[in-house]
Amino acid sequence: MDTPDPRENLAQRLRDFFASRGNVREVRMFGLQSFMVDDRLAVGAGPNGDLLVRTDPADHEELLRRGGTAARMGGDRPMGPGWLTVPSVRIDDDADLAFWITVGMDSRRAAG
């Protein structure tokens, strides 16, 4: 029996969330299955089922307190205050996942 792929499971949940929304494009980026909204990265499904979320940097500290962690790229380099990773255990619930997706979609306004 095949072991479920955590990235694909999360990607399917993201597809389901975005199914009724317009102007969403799915692409491979940063080693993730990423979802672009209005041509801007909003969220991405990581290999362990974690979620990369684009954020408004002004909300970074508050979102850390909500369960996000500082996103890292290749090795231990931080991506900066506009990016968070949400561990899979923090998005098991659909309402929690929807919260973080909304954070990613709302970051488009902050990015200009």
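Residues numbered from 1 in each chain as written. Predicted model: local features only at pLDDT ≥ 70, side-chain atom pairs only at ≥ 80, totals over all residues. Heavy atoms only, no water.

**Focus on the nonpolar core**
When a protein is soluble and globular, its nonpolar side chains tend to lie buried together.
Thinking step 1. In this structure, L14, F18, L51 and W100 are the most contacted members of the largest nonpolar core, which totals 21 residues.
Thinking step 2. Not counting the four nearest positions on each side in its chain, L14 is found in contact with F35, V43, A45, L51, L97 and I101.
Thinking step 3. Judged by nonpolar contacts, the second largest core, of eight residues, contains L32, L52, M79 and W83. (Core = buried A, V, L, I, M, F, W, Y, C linked by side-chain atoms within 4.5 Å. Buried < 20%, exposed > 50% of the residue type's maximum accessible area, 1.4 Å probe, protein only. Contact = heavy atoms within 4.5 Å.)

**Thoughts on the sheet that holds strand 5 (residues 69–70)**
Thinking step 1. The antiparallel open sheet is built from six strands, whose spatial order is 1-2-3-4-8-5. Taken across any chain shown, the strands that pair with only one partner, and hence form the sheet edges, are strand 1 (24–29) and strand 5.
Thinking step 2. Two elements, strand 1 and strand 2 (residues 32–37), share six bridges in a ladder whose sense is antiparallel. What sits directly across from V27, in strand 2, is S34.
Thinking step 3. On top of the sheet, helix 1 (residues 6–18) reaches strand 1, strand 2, strand 3 (40–45) and strand 4 (51–54); it is set at about 15 degrees to strand 2, its chief contact. (Pairing = 2+ DSSP bridges. Helix = DSSP H or I, 4+ residues; strand = E, 2+ residues; numbered from the N terminus. Axes fitted to C-alpha atoms, helices over the stretch in contact; angles between N-to-C directions.)

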